[in-house]
Amino acid sequence: MNFFTELFNPSVPFIRNAFIASLLSSVLFGVLGSIVSVKRIAGLAGAISHAVLGGIGIALFLSVNKIIPNFPPILGAIIFAVITAIIIAFVSLKAKQREDTVINALWAIGMSVGVVFIAKTPEYVDPMSYLFGNILLISNESLILLAILDLIVLFLSIRYYRQIEASAFDEEFARTRGINTDLIFVILLIVTAISVVLLQTFVGIVMVIAMLTLPSGTSAYFSKNLSGMMISSTALSILFSFSGLFLSWQLNLPSGAMVVIVSGVVFLLFSLIKLK
Amino acid sequence: MIRIKEHKVAIQFNDVYFSYGDIEVLRDVSFHIHEGEFVTLVGANGAGKTTVLKLILGLVDPQRGKIEVFGKSPQYASINVGYIPQNINLDSNFPITVEEVVKMGLLNGFYREKPMKSLEDVERALEIADIKDLRKRSYTALSGGQRRRVLVARALVSNPRMLVLDEPTANMDVESERKLFSVLGDLKRKTTILIVTHDTGFVSALTDVVLCIGKSFEKMHNVIRHALEPVKDKPSDLYSGRVARVLHNTELPDNLNCCLR
């Protein structure tokens, strides 16, 4: 079967959905990833992405056991992700001296809670699909939610571009210009947490952080400003995602991992060229 | 030295106390400066100069006492202050052009900027700081002196009522230092200028008021006003050759009778 003919074959909608998901994810990888990179919070974003598994596990448990009737797991996961982001933001802003230890503890506790709740969920779901992604799980509902999140991220980053840029470049100066940099930080972590929930079906929790940093890290090598970095890393994300999907189809390998491998190899090549 | 009398108060500290945990930095500090004055705050490293600046800019709050900048609390007044930080080596990988750094000085909270007005202001600031030819260059590709001038333009772009410079001559070549003090000389009287420096012996001859802070002086953790005398025998590469000596054995009173309230 040819990848490109299957893309338009209505009897295999998951390929088309994967294609649309990679387009919609690329906006988040490019725009949000650039902000995460210049703000140097990849470590925090990594902690959030892993701790979010706790929320996903609890939401699945509550939903499948009908403890809260008609409770969509995705909504539960988003609510818990927001709570996780707020806790991590609070720790980062208030507990500067012990930040590393506390954030790492939250990372591990979040993941462990997720594994325990998923194990206790009657229709046992393999946690591997959350950790490494499962392209078959991409539903129309996930695509709509991804599109809404794209619009929110695009609106916030265009409307508040200068404020985001200033708070990342020189936070102290931004504060003297009346910008609430803590608010930007908290919103950024919340958006990152929600993105992780929506992106995990595509590349998985473990690899979301790679996709938030590798395309933006590659475009940082040639971008003159943050907006250029956002546009070029979105374009790179589309390229990496399509190439990864194509290779996974051709070689019958996991798609999320292939997307990350393609992105990582290109990033390392750029790093080598720049080091010379 | 020219004394400015019957001027409005720009900054006023009243019995200000500040500590970082158990480490006391400022104890019962009271001083004031007037609008239009050129003030130099001197003190050894670790004396508390940067803390005084952070208090003036509203970046930290005092544990006791009261601070007013242009009659308002520092958080509300900072929008009228142009701040040039000591650290010019901001993120070395940040993709940003000189023009974008300068535009940052026009930000006012989460409000939108006015494009036409900002264009004129940016042009003027680039002109004053003599960096028009650098506008499209990447900030991280500039030398230390050029970066400092970009940050001067960023501070001037909003037409601030006060300019605050933290160790402005650090990492600066002689030519850039000359250009900076020439800009400051032009701004004198029109804008209140506060310079912070660790050189406790000599200050720029543009200085109207010198304030000393810290442990190396008689009063611990306090800010004292000293007298100055012109110096002619200093090398010309310091403050572009226009230098004044700080007379540490004098203490001028912090008398508010001279001020319009």
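Residue indices begin from 1 for each chain and proceed along its sequence in written order. Written order determines the labels here, with chains lettered from A and ligands numbered from 1. Residues qualify for local features only when their pLDDT is at least 70, as the model is predicted, and side-chain atom pairs are given and counted only at 80 or more; totals for whole chains, interfaces and linings, by contrast, use all residues. Side-chain descriptors were evaluated using all non-hydrogen atoms of the structure, hydrogens and water having been removed beforehand.

For the rest of this paragraph, the subject is the interface of chain B and chain A. Each side of the interface is counted separately: chain B has 32 residues, and chain A has 27 residues. For the pair chain B and chain A, the summed buried area comes to about 2900 Å², and 58% of that belongs to carbon and sulfur atoms. Computed with a 1.4 Å rolling probe, the buried area is the accessible surface lost when two parts are put together, summed over both parts. Contact with chain A buries area across many residues of chain B, yet Phe94, Pro95 and Phe110 of chain B alone supply 26% of it, more than any other trio. The term salt bridge refers to a side-chain nitrogen of Lys or Arg lying within 4 Å of a carboxyl oxygen of Asp or Glu. Our count for the contact surface shared by chain B and chain A stands at two salt bridges. Note that glutamate 172 of chain A and lysine 54 of chain B form a salt bridge whose closest N and O atoms lie 3.8 Å from each other. Under the rule applied, a polar contact is a pair of N or O atoms within 3.5 Å (in protein, one hydrogen donor and one hydrogen acceptor; residues adjacent in sequence only if both atoms are side-chain atoms). For the pair chain B and chain A, the interface holds 15 residue pairs in polar contact (both at pLDDT 80 or more). Residue contacts are defined here by distance: any two heavy atoms, one from each residue, within 4.5 Å place the two residues in contact.

Residue and element names in this part refer to chain B. Strands qualify as paired when DSSP identifies two bridges or more between them. Secondary structure follows DSSP: runs of H or I at least 4 residues long count as helices, runs of E at least 2 residues long count as strands, and numbering of each begins at the N terminus. As paired strands, strand 1 (residues 7-20) and strand 2 (residues 23-34) are joined by eight bridges and run antiparallel to one another. Note that in strand 2 the partner of valine 9 across the bridge is histidine 34. Examined bridge by bridge, strand 1 and strand 4 (residues 64-69) share five bridges and lie antiparallel to one another. Note on strand 4: the bridge partner recorded for tyrosine 17 is arginine 64.

So, about the pairing of strand 3 (residues 38-42) of chain B. Residues and elements named next belong to chain B. Think of it in three bands: residues with accessible area under 20% of the maximum for their type are buried, residues over 50% are exposed, and the middle band is partly exposed, with areas taken using a 1.4 Å probe on protein chains only. With respect to burial, strand 3 is a largely interior element, five of its five residues being buried. Here strand 3 shows a buried face lined by Phe38, Thr40 and Val42 and a second buried face lined by Val39 and Leu41. By the bridge criterion, five bridges tie strand 3 to strand 7 (residues 192-197) in an arrangement that is parallel. Each residue of the ladder has a partner; that of valine 39, found in strand 7, is leucine 194. Here strand 3 pairs with strand 9 (residues 209-213) via four bridges, running parallel. Paired with valine 39 across the strands is valine 209, a residue of strand 9.

Moving on, we come to the pattern of salt bridges. All names here are of chain B. One pass over the full model with this rule turns up 16 salt bridges over all chains. Of the charged contacts in the structure, one is a salt bridge between glutamate 68 and lysine 66, with a shortest N-O distance of 3.1 Å. Taking the shortest distance from any N to any O, the salt bridge between aspartate 121 and arginine 124 comes out at 3.9 Å. Here the residue aspartate 121 and the residue arginine 124 both occupy positions in helix 4 (residues 115-128), the gap between them amounting to three residues, near one helical turn. Linked by salt bridges that have partners in common, Glu99, Glu123, Glu127, Lys132, Arg135 and Lys136 make up one network.

The analysis is restricted to geometry; functional conclusions fall outside its scope.
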